[in-house]
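Commentary on secondary and tertiary structure
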Amino acid sequence: MTTFDLHFHANVHGLKRSSKARRMLRHVEFLKSHPLDHLASTEHSYKNPLEAYQRLADSTAQLPVNIIPGVESVSSEGIDVIFLYRTEDDLRRALDETPSFRWSVRDVKSIRRNTGGLCVIPHPFHISKTAAGSNLSRRSYKLLLNNADYIEVHNGSALHLDRRLKRSCTKPLFPRTLEKMRWTLDLPMSQRGRNLGWAIGSDAHFPGEQYVVGKTRLDPRSGEDAFDFLSRRLQLEQTPLMPMGQTNMAHNYSLVRAGVSTLMEGALKRLRRLHDNASDIPAPDFALPPLI
């Protein structure tokens, strides 16, 4: 069995040097205790994904985990799309050629061809405004599906909210949200497109949030590296990596932490976009709270 987490954020951008070191140490400690074969570094394109990859690769050099270079890039429509690469140089070149907000979901086919990447559509029906299936027109979403390699069939970012709502007496008030949570955690077969691989990602932004990852019982062929293996469009299955906290307090803490992180990322994304559209606005570089 080979395991993959194809959606992961080191989340060190904007932190002080000492906070970055502590966070990376906690990531390494977690991966020592919960072995994983392949981990895709997919930091947001407006949060220095090259630094995130380099820190992950350097910090885990003595562990049996392979770090896959990648980025969760944001299109001019505000849609998140993940691109995975074979090498750091490939990632570096792709970041230069596809800066945030400067490409359209219509360009995914040419981006894949020109940069040599694999395209993953993350959390297609999440409650966020960055989800392709929830926010694009039917025609644009179908085109994106046709031009992608993988669709994410499980995204761990929905786990805490889904469990918290299920335990809440207000559950009947959120039927549409609950449906989106179910689809984010287990995308229906009817929504998985045709001839696409099935990606599974923790979407972890903090150490210790990789609850579920992907597995395949297929083996790489002789001489086949991780990128070649993924190029086969594997249909990954879910497998637990660690148990979740069961108390309401644990779920509430994780939700608050995730909410603060999301708000800060949203603010940073808006400032980056303003900076790109107005050269007299300085590039933002404020510090995000460590939040453990």
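A short tour of the structure in this document, coming up. In this text, all values refer to a predicted model and were calculated from it rather than measured experimentally.

1. Focus on the overall build of the chain
Counting its secondary structure elements, the chain contains 10 helices and 9 strands. Within the chain, the proportion of its 292 residues that are buried is 53%. Nonlocal contacts in the chain, meaning residues at least 24 apart in sequence, comprise 76% of its contacts between residues at least 6 apart. When the accessible surface of the chain is summed, it comes to about 13900 Å², and 52% of that surface belongs to carbon and sulfur atoms.

2. A word on helix α6 (residues 138–147)
Spacing of three or four residues puts side chains on the same side of an α-helix, whose turn is 3.6 residues. Along α6, the positions that sit buried rather than exposed are Y141, L144, L145 and N147. Buried residues along α6 sit in contact with α4 (108–115), β5 (118–121), α5 (132–135) and β6 (150–155).

3. Structural notes on unusual backbone geometry
A positive phi is found at D203, a non-glycine position, where the angle reads about 55 degrees. With respect to the element layout, D203 can be found in the loop between β7 (197–201) and β8 (212–216). Judged by its relative accessible area of 10%, D203 falls in the buried class.

4. Considering the nonpolar core
As a rule of thumb, soluble globular proteins bury nonpolar side chains together. Counting residues in hydrophobic clusters, the biggest one holds 68 residues, and the most contacted among them are F4, L6, F83, L84, I151 and L230. Leaving out residues up to four positions away in the same chain, F83 has contacts with P69, G70, V71, S73, W103, V108, I111, R112, L118 and C119.

5. Structural notes on the packing of aromatic side chains
Within this structure, the stated rule accounts for 4 aromatic pairs. Taking the centre distance of 6.1 Å and the plane angle of 45 degrees together, the rings of F4 and F229 count as tilted. Note that F4 is positioned in strand β1 (residues 2–8) and F229 in helix α9 (residues 226–230), a separation of 225 residues in sequence. With 5.8 Å between their ring centres and 75 degrees between their planes, F125 and Y141 make a pair best called edge-to-face. One end of the pair, F125, is in the loop between β5 and α5; the other, Y141, is in helix α6, with 16 residues separating them in the sequence. The exposure class of Y141 is buried, given its relative accessible area of 8%. Above the face of the W198 ring, R192 is positioned so that its terminal group lies 4.5 Å from the ring centre.

6. As for helix α2 (residues 49–59)
Residues P49, L50, E51, A52, Y53 and L56 constitute the buried set of α2. The secondary structure elements touched by the buried residues of α2 are β1, α1 (17–33), β2 (38–41), β3 (66–74) and α3 (88–97).

7. Considerations on the sheet that holds β2
The mixed open sheet is built from 9 strands, whose spatial order is β7-β6-β5-β4-β3-β2-β1-β8-β9. Looking at the sheet topology across the chains shown, the edges are occupied by β7 and β9 (237–240). Each strand of the sheet is rotated relative to its neighbour by a mean of 35 degrees, with strand direction disregarded. Of the strands in this sheet, β1, β2 and β3 are in contact with α2, which crosses β3 at around 165 degrees.

8. Digging into the packing of α2 against α3
Relative orientation of the contacting elements α2 and α3 amounts to 165 degrees, with a least axis distance of 10 Å. Taken together, α2 and α3 sit at an angle that is classed as roughly antiparallel. Here α2 runs over α3; the crossing is right-handed. Facing α2, whose interface residues are P49, L50, Y53 and Q54, α3 presents E88, L91, R92 and L95. Considering only residue class, the contact of α2 with α3 consists of 5 nonpolar, 1 polar and 2 charged.

9. Looking at the pattern of salt bridges
One pass over the full model with this rule turns up 15 salt bridges. As a salt-bridge pair, R86 and D225 come within 2.8 Å of each other at their nearest N and O atoms. A residue pair is termed long-range when its members are at least 10 positions apart, and R86 in the loop between β4 (80–84) and α3 and D225 in the loop between β8 and α9 qualify at 139 residues. Residue classification places D225 among the partly exposed positions, given a relative accessible area of 30%. Beyond isolated ion pairs, a larger network of salt bridges with shared partners links K20, E51 and R55.

Criteria and thresholds
Residues numbered from 1 in each chain as written. Predicted model: local features only at pLDDT ≥ 70, side-chain atom pairs only at ≥ 80, totals over all residues. Heavy atoms only, no water. Helix = DSSP H or I, 4+ residues; strand = E, 2+ residues; numbered from the N terminus. Buried < 20%, exposed > 50% of the residue type's maximum accessible area, 1.4 Å probe, protein only. Contact = heavy atoms within 4.5 Å. Areas by Shrake-Rupley, 256 points an atom, 1.4 Å probe, with all protein chains shown as cover. Core = buried A, V, L, I, M, F, W, Y, C linked by side-chain atoms within 4.5 Å. Phe/Tyr/Trp six-rings, centres within 6.5 Å; stacked < 30°, edge-to-face > 60°. Lys NZ or Arg CZ within 6 Å of the ring centre and 35° of its normal. Pairing = 2+ DSSP bridges. Axes fitted to C-alpha atoms, helices over the stretch in contact; angles between N-to-C directions. Parallel < 35°, antiparallel > 145°, perpendicular 65-115°, else oblique. Left-handed = near helix turned anticlockwise from the far one by under 90°. Nonpolar A, V, L, I, M, F, W, Y, C, P; charged D, E, K, R; others polar. Salt bridge = Lys/Arg side-chain N within 4 Å of Asp/Glu carboxyl O.

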